[in-house]
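Fold and geometry: a report
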Amino acid sequence: MPHRIAVGSCSHPSLPQPLWPIVRARRPAAFVWGGDAVYADKFAGLNWTAVGLHRVPDGNKTHWRLTFPPPSIHLDATPDIIRGWYEEQWGVEDYQKFVKGWRDGEEGDASNNGDITYEHKKESNVAFMDFVYAGVDEEMSKECATDGKSEGVGVCRTGEERRSKWEDPMYQRSLEGKGVYGVQLFDFSRSSERKNGNVLWGGGYWVPEREARIDPDVLSEDDGNATAPYSTTHSVAIFALDVRSNKTPWPKGKQKHGSGGQNCTTDDAQSGSTIKAPLFDLLGQEQWEWFQSALGNSHAAVNVIVSGLQIHPERFPNDGNVVEEWSKFSESRQLLYDTILNSGVNAPLLISGDVHMSQFMRKDCARSSEVMDEARKAHLQTRPLVEVTTSGLTHSWGNSFSSQPKNHRWPWMIYTYFVSPTFMTVAHLVNPWNDILVRTEEDSRREMEDLAAIEGQNDPKEAPGGRTGLQYYLGLNFAELEFHFAERGSGGAVTVRIFGTHPNDPPKLESSWTFDQLSGKANLPGMTATVQDFSAAAHAHGSDLDHYWTCVPHRGLAPPYHYYAANTIMFLTFCFLFFLPHALIVWLAVALRRRWHRYRSKDVELWLRAKDLNSL
């Protein structure tokens, strides 16, 4: 049986949700919400006053950055509104059929581009966790009432133990207002073992947190030296990060953005922590410490790290009120790279959402100390860091990127369904987004051979799906992670597929990577970045310490003129798409008015002639 985990993000309860039957048909062991499970905030217009060129700091220097298109204005949701939207999402029949019993995730969007200042942060976190456990508590209550076997708060035994949210450390952290973050472990070597009711529908075994010994908030002093009680060759750990609850507020309007410099960190010397959150941050000091410890505790064969925001890209030269991504908080992203790569964790794979499309991306990383050393960089040792973005369960750039239901209805959809795919297709054609993978026929052949070797076959079973070329898809989508474990010993591969709305169609995108390639132990072909690219990136952040890593797009850095030319084309494209319909409306109105005046003038002329004839 294939071992699969599904991932999706960006869902509006008021829009059609055609993907859930397809997700269900793939029989995944679990489903991961990658962010924006609902949109509870209210759109209140565009902030045109923020448009313009602004000088922004970049370390010890400054540069100009364009704010365009105008950032949207959203009104934050109250707790009652948030819960109402979650109830509406839970009321979707196809969602209920699939999701009962397979839960993990990130929170919904109660405050657009929300941050630590959001008034109802704690209530929003708890509402999401209640939504995640929707249906489970009711079933437990019914069984307890029937059998009367209750043991503690939220735990009910009826022959098999069902998981309770009160035992979930993620739920406890949400109650304490710390955020919604956690780690789940799946052991696929124990598919047939029926212990505590944790055998998964799609195969595999969910390992409770106390048994997994990864989450530092549930570890005891005696767990530090204990042997991992799960298979280290057939297991997958999923880390869900919260990039909302502790995010540093982004300056509003025309204020400058950026960081205060490379060494701006919070003062946590008294805590003795080995990790310090940047001054401009996404996770917060406590979550950083948790994440570093949890990575160090994981012995899983694959470690999937889920972020609601894209990590690798720096897509548009805008401030964080228009486009959200980790690159807007450069020090925080650097700390994320360093934390993951220094942990030595097996086969890290980044998963992100938010942008209403799907992309496969890759950066290659090298230790900054080697890059800055003239003698060592001649034989630079690099390793890949792959990111998969899946976003758009109900709306995407392929129809309308907007989550507002009115943009998916007549007559607005005539405009939005043309503008969205046109704009983003042009963006992928002209922008130097060198982190996006370009898949070739040779890559497909190599992946087939790798999978055949892992499964002990001489010849591949079937050709992989997906298309060649630039790896992006604009339509509604969800991602599937399928894990292939070696029959003997360690090793394996993960295949990521992106599916659209047609159940019988092959995957829109598909790629495979071996565990050793993701871990940096085996070569992953395709990197064309040069030593000069790494040197330029290393000098940009200016550190040659051993624990710093320099990561660049695997196809290298594009020259500055490419960015300037691409930004100019995108600006003109936006103006054309935005103003052309308005110009057409004005032209049509003027043409109709002129025709009406000509008609009226002819009518008056005929009346005057008739009057003259009558007078004769």
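Note on numbering: residues in each chain are counted from 1, in written sequence order. Local features in this predicted model are restricted to residues of pLDDT 70 or higher, and side-chain atom pairs are both shown and tallied only at a pLDDT of 80 or more, whereas totals for entire chains, interfaces and linings draw on every residue. The basis for every side-chain value is the complete set of non-hydrogen atoms in the structure, without hydrogens or water.

Let's talk about unusual backbone geometry
Negative phi characterises most residues that are not glycine, and trans characterises most peptide bonds. Basically, it comes down to this: The helix count covers DSSP runs of H or I at least four residues long, the strand count covers runs of E at least two residues long, and both are numbered beginning at the N terminus. Burial classes: relative accessible area under 20% of the type maximum marks a residue as buried, over 50% as exposed, and values in between as partly exposed (1.4 Å probe, protein chains only).
With an omega of 5°, the peptide bond running from Trp 410 to Pro 411 counts as cis. Counting through the fold element by element, Pro 411 comes out in the loop between strand 13 (383–389) and helix 11 (412–430). Backbone geometry places Cys 10, a non-glycine residue, at a positive phi of 65°. Here Cys 10 lies in the loop between strand 1 (3–8) and helix 1 (20–25). The exposure class of Cys 10 is buried, given its relative accessible area of 0%. Phi is positive for Asp 354, which is not a glycine, with a value near 85°.

Notes on a nonpolar patch on the surface
Test applied: Residues enter patches when their relative accessible area tops 30% and they take part in no salt bridge; the joining distance is 9 Å for like charges and 5 Å for the nonpolar side chains Val, Leu, Ile, Met, Phe, Trp and Tyr. Surface accessibility follows the Shrake-Rupley procedure with a 1.4 Å probe radius. Residue values consider only the protein chains on display as shielding. Criterion for a salt bridge: a side-chain nitrogen of Lys or Arg within 4 Å of a carboxyl oxygen of Asp or Glu.
The grouping of Tyr 561, Tyr 563 and Tyr 564 at the surface amounts to a nonpolar patch, some 410 Å² of accessible area in total. Position of Tyr 561 among the secondary structure elements: in helix 15 (residues 560–615).

Overview of the environment of Gln 334
Note on placement: Gln 334 falls in helix 9 (residues 330–343). Residue Gln 334 is classed as buried on the basis of its relative accessible area, which comes to 12%.

Things to note about helix 12 (residues 441–454)
Rules: Expected helix span is taken as 1.5 Å per residue step, with the number of steps being one fewer than the number of residues. Residue contacts are defined here by distance: any two heavy atoms, one from each residue, within 4.5 Å place the two residues in contact.
Between its first and last C-alpha, helix 12 extends 20 Å over 14 residues, near the 20 Å set by a 1.5 Å rise per residue. When we look at burial in helix 12, the residues that qualify are Asp 443, Ser 444, Arg 446, Glu 447, Leu 451, Ala 452 and Ile 454. Close packing links the buried residues of helix 12 with strand 14 (438–439), strand 17 (478–485), strand 18 (492–499), strand 19 (509–514) and helix 13 (515–519). Gly 456 sits one or two positions beyond helix 12 and adopts a positive phi of about 70°.

Details of the nonpolar core
Selection rule: Nonpolar core, defined: a set of buried Ala, Val, Leu, Ile, Met, Phe, Trp, Tyr and Cys residues in which side-chain atoms within 4.5 Å join the residues together.
Judged by nonpolar contacts, the single largest core of 39 residues is most densely connected at Ile 214, Phe 239, Trp 288, Phe 291 and Trp 326. Put simply, the parts of the chain that give this core at least two residues each are strand 7 (182–187), strand 8 (205–207), strand 9 (235–240), helix 8 (285–297), helix 9 and strand 20 (549–553). Sequence-distant contacts of Ile 214, defined by excluding residues within four places in its chain, comprise Val 183, Leu 185, Glu 209, Leu 219, Tyr 230, Ala 237, Phe 239, Ala 294, Asn 297 and Ser 298. Counting 34 residues, the second-largest nonpolar core is a separate cluster that includes Phe 186, Val 306, Phe 515 and Leu 518.

A short note on the pairing of strand 20
To keep things clear, this is the line we draw: The criterion for strand pairing is that DSSP finds at least two bridges linking the strands in question.
Summarising burial for strand 20: five of the five residues are buried, a large majority. The pairing of strand 12 (residues 358–367) with strand 20 spans five bridges and is classified as antiparallel. Counterpart to Cys 365 in the pairing with strand 20 is Cys 551.

Details of a positive patch on the surface
The cut-off we apply is this: None of His or the chain ends enter the tally, which takes Lys and Arg as positive and Asp and Glu as negative. Charge coordinates come from a single atom per side chain, which is NZ of Lys, CZ of Arg, CG of Asp or CD of Glu.
A contiguous patch of positive charge on the surface is contributed by Arg 594, Arg 595, Arg 598 and Lys 602. Locating Lys 602 in the fold gives a position in helix 15.

Some points on the side chain of His 395
Here is the rule: Polar contact is defined as a pair of N or O atoms within 3.5 Å, subject to the rule that within protein one atom must be able to donate a hydrogen and the other to accept it, and that residues adjacent in sequence are counted only when both atoms are side-chain atoms.
Along the chain, the position of His 395 falls in the loop between strand 13 and helix 11. Side-chain polar atoms of His 395 contact the side chain of Tyr 39, separated by 3.3 Å. Among the polar contacts listed, one links the side chain of His 395 to the side chain of His 356, at a separation of 3.5 Å. Not counting the four nearest positions on each side in its chain, His 395 is found in contact with Cys 10, Ser 11, His 12, Leu 15, Tyr 39, His 356, Ser 400, Phe 401, Ser 402, Ser 403, His 408 and Leu 476.

Regarding the side chain of Asp 354
Within the secondary structure, Asp 354 sits in the loop between strand 11 (348–352) and strand 12. Nearest to the buried, unbridged Asp 354 among oppositely charged side chains is Arg 244, at 4.0 Å. Sequence-distant contacts of Asp 354, defined by excluding residues within four places in its chain, comprise Ser 9, Cys 10, Asp 36, Arg 244, Gly 308, Leu 309, Glu 324 and Ser 391.

Re the packing of helix 2 (residues 79–90) against helix 4 (residues 121–132)
Rules: Axis definition: a line fitted to C-alpha atoms, over the contacting stretch in the case of helices. Angles run 0 to 180 degrees between N-to-C directions. Here is the rule for angles: anything less than 35 degrees is roughly parallel, anything more than 145 is roughly antiparallel, 65 through 115 is roughly perpendicular, and the remaining ranges are oblique. Rotating anticlockwise by less than a right angle from the far helix to the near helix defines a left-handed crossing, while the corresponding clockwise rotation defines a right-handed one. Amino acid classes used here: Ala, Val, Leu, Ile, Met, Phe, Trp, Tyr, Cys and Pro are nonpolar; Asp, Glu, Lys and Arg are charged; the rest, including Gly, are polar.
Orientation of helix 2 relative to helix 4, taken along the N-to-C sense of each, is 20°, at an axis distance of 10 Å. One element, helix 2, and the other, helix 4, form an angle in the roughly parallel class. Once helix 2 is placed against helix 4, the crossing between them reads as right-handed. For the pair formed by helix 2 and helix 4, the contact residues are Pro 79, Ile 82, Arg 83, Tyr 86, Gln 89 and Trp 90 on the first element and Glu 123, Ser 124, Val 126, Ala 127, Phe 128, Asp 130 and Phe 131 on the second. Across the contact of helix 2 with helix 4, the residue classes tally to eight nonpolar, two polar and three charged.

Focus on the confidence of the model for the chain
To be explicit about the condition: The pLDDT value expresses, per residue, how confident the predictor is, ranging between 0 and 100.
Across the chain, pLDDT averages 82, with 77% of residues at or above 70. For residues 101–111, every residue scores under 50 in pLDDT, and the model assigns this stretch 65 contacts once sequence neighbours within four places are set aside.

Here we look at the pairing of strand 13
Within strand 13, seven of the seven residues are buried, leaving the element largely enclosed by the surrounding structure. Judged from the seven bridges that link them, strand 12 and strand 13 form a sheet pairing that is antiparallel. The residue of strand 13 that forms the bridge with Met 361 is Glu 387.

A few points about helix 9
With 14 residues, helix 9 should cover 20 Å at 1.5 Å per step; its first-to-last C-alpha distance of 20 Å lies within 8% of that length. Most of helix 9 is tucked away: 11 of the 14 residues are buried. Three or more residues of helix 9 are buried, namely Glu 331, Ser 332, Arg 333, Gln 334, Leu 335, Leu 336, Tyr 337, Asp 338, Thr 339, Ile 340 and Leu 341. Backbone geometry just after helix 9 places Gly 344 at a positive phi near 70°.

Observations concerning the sheet that holds strand 19
Ordered in space as 2-1-17-18-19, the five strands form an open sheet in which the pairing is mixed. Each edge of the open sheet is held by one strand with a lone partner, namely strand 2 (30–33) and strand 19. Each strand of the sheet is rotated relative to its neighbour by a mean of 20°, with strand direction disregarded. In the sheet, strand 1 pairs with strand 2 via four bridges, with the strands oriented parallel. Directly across from Val 7, in strand 2, lies its bridge partner Val 32.

Here we look at the environment of Arg 376
Along the chain, Arg 376 turns up in the loop between helix 10 (368–372) and strand 13. What makes Arg 376 partly exposed here is its relative accessible area of 37%. If we skip the residues at most four places from it in the chain, Arg 376 touches Ser 369 and Glu 370.

Some remarks on the state of the cysteines
Where we set the bar: In this description, the term disulfide denotes a pair of cysteine sulfurs within 2.5 Å.
All chains considered together, the criterion is met by one disulfide. Put simply, Cys 365 and Cys 551 are joined by a disulfide, and their sulfur atoms are 2.1 Å apart. In this structure, the disulfide formed by Cys 365 and Cys 551 twists by about 110° around the S-S bond and is classed as right-handed. Here the residue Cys 365 occupies a position in strand 12, and Cys 551 occupies one in strand 20, the gap between them amounting to 186 residues. As far as burial versus exposure is concerned, Cys 365 and Cys 551 are alike and both buried.

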